[in-house]
Amino acid sequence: MMPEPVVSLHLEESLQMSIAQYQTILDLMKQITQAISSSEVDLKDDVLKLETLQRQARDHDAKLLNALRQVGHAAAGHPLFKQRQDLIGEVLTLNHLLLPKINGMIALISHELTGLKKGRSVLGGYKQTTHNQGRIVRSSV
């Protein structure tokens, strides 16, 4: 058995934090996938939360990348580094599966909106043609 590569405690904590962030992102993406499959319409809060989590992970990854550059290739064999890579791979895979579903929903909603707009303009074309001139009829002819 090969000894575990030695990395600093700070780098190990940073890797663990990154793993936790990506696990949260993956869990939320799975939740969104299930919601889309069950035709649940209100995904706004989940999508906003996902964007926030992704931004936080991106910011943390920038710091982590600097720390990894200082260590060099020593961290590449560390179990936490491998776990993080595997997790990012799962996120990417799910993202590739989720994206077509989201694009399909967008296309469907766009089509429905177009139909509603056309229906509204058609209804707007039907106007009652009554004269606003009131006349008193005094005799019938």
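Remember, it's a predicted structure, so these values are computed and weren't measured experimentally.

Considering a nonpolar patch on the surface
And step 1. Judged by side-chain polarity, Ile 109, Leu 113 and Leu 116 come together as a nonpolar surface patch covering roughly 300 Å² of accessible area.
And step 2. Position of Leu 116 among the secondary structure elements: in helix H3 (residues 79-125).
And step 3. Leu 116 sits in the exposed class, given a relative accessible area of 61%.

Let's talk about the environment of Ala 20
And step 1. With respect to the helices, strands and loops of the structure, Ala 20 is situated in helix H1 (residues 9-37).
And step 2. C-alpha of Ala 20 to C-alpha of Leu 87: the two residues are 67 residues apart in sequence and 9.7 Å apart in space.

Considerations on the confidence of the model for the protein chain
Any residue range with low pLDDT should be treated as having predicted coordinates unsuitable for detailed reading.
And step 1. On average, the protein chain scores 80 in pLDDT, and the residues at 70 or more come to 79%.
And step 2. Across the protein chain, the element-wise mean pLDDT spans from 82 in H3 up to 90 in H1.

Overview of the environment of Gln 23
And step 1. In this structure, Gln 23 sits in helix H1.
And step 2. The sequence separation of Gln 23 and Ile 88 amounts to 65 residues, and the corresponding C-alpha distance is 8.7 Å.

As for the packing of H1 against helix H2 (residues 44-71)
And step 1. Running from amino to carboxyl end, H1 crosses H2 at an angle of 155 degrees, the nearest separation of the two axes being 9 Å. In this view, H1 runs roughly antiparallel relative to H2, as classed from their interaxial angle. Crossing handedness for the pair H1 and H2: left-handed.
And step 2. In terms of residue class, the contact of H1 with H2 is made up of 16 nonpolar, 8 polar and 3 charged.

Examining the nonpolar core
And step 1. Counting residues in hydrophobic clusters, the biggest one holds 25 residues, and the most contacted among them are Leu 11, Ile 25 and Met 29.
And step 2. Where this core is concerned, the elements lending two or more residues are H1, H2 and H3.
And step 3. Per-element tally for this core: the top contributor is H1, with 11 residues.
And step 4. Setting aside residues no more than four positions away along its own chain, Leu 11 makes contact with Leu 64, Ala 67, Leu 68, Val 71 and Ala 75.

What to know about H2
And step 1. For H2, built from 28 residues, the straight-helix expectation of 40 Å at 1.5 Å per residue is met to within 8% by its first-to-last C-alpha distance of 40 Å.
And step 2. Residues Asp 46, Leu 50, Leu 53, Ala 57, His 60, Asp 61, Leu 64, Ala 67 and Leu 68 constitute the buried set of H2.
And step 3. Looking at the residues trailing H2, positive phi occurs at Gly 72, about 80 degrees.

Conventions adopted
Along every chain, residues carry numbers that run from 1 in the direction the sequence is written. At least 70 in pLDDT is required for a residue's local features to be given in this predicted model, at least 80 for side-chain atom pairs to be given and counted, and no such filter applies to totals for whole chains, interfaces and linings, which use all residues. Excluded from the side-chain calculation are hydrogens and water; included are all heavy atoms of the structure. Surface patches are drawn from residues lacking salt bridges whose relative accessible area is over 30%; two like charges belong together within 9 Å, two nonpolar side chains (Val, Leu, Ile, Met, Phe, Trp, Tyr) within 5 Å. For accessible areas, the Shrake-Rupley method is used with a probe of radius 1.4 Å. Any residue's cover is judged against the shown protein chains and nothing else. Salt bridge, as applied in this entry: a Lys or Arg side-chain nitrogen positioned within 4 Å of an Asp or Glu carboxyl oxygen. Under the scheme used here, helices are H or I runs from DSSP no shorter than 4 residues and strands are E runs no shorter than 2 residues, and both carry numbers assigned from the N terminus. Exposure is judged per residue with a 1.4 Å probe applied to protein chains only, and the accessible area is read against the type maximum: over 50% gives exposed, under 20% gives buried, and values in between give partly exposed. Confidence scores here are pLDDT values: one per residue, from the predictor, ranging 0 to 100. Structural elements are reduced to axes, namely lines fitted to C-alpha atoms, with helices fitted over the stretch in contact, and the angle between N-to-C directions of any two is expressed from 0 to 180 degrees. In this scheme, roughly parallel covers angles under 35 degrees and roughly antiparallel covers those over 145, while 65 to 115 is roughly perpendicular and the rest are oblique. We call a crossing left-handed when the near helix sits turned anticlockwise from the far one by less than a right angle, and right-handed when that turn is clockwise. Note on residue categories: nonpolar means Ala, Val, Leu, Ile, Met, Phe, Trp, Tyr, Cys or Pro, charged means Asp, Glu, Lys or Arg, and polar means any other residue, Gly included. Nine residue types can take part in a nonpolar core, namely buried Ala, Val, Leu, Ile, Met, Phe, Trp, Tyr and Cys, and a core is a set of them joined through side-chain atoms within 4.5 Å. By definition, residues are in contact when any of their heavy atoms lie within 4.5 Å. An expected span of 1.5 Å times one less than the residue number is assigned to each helix.

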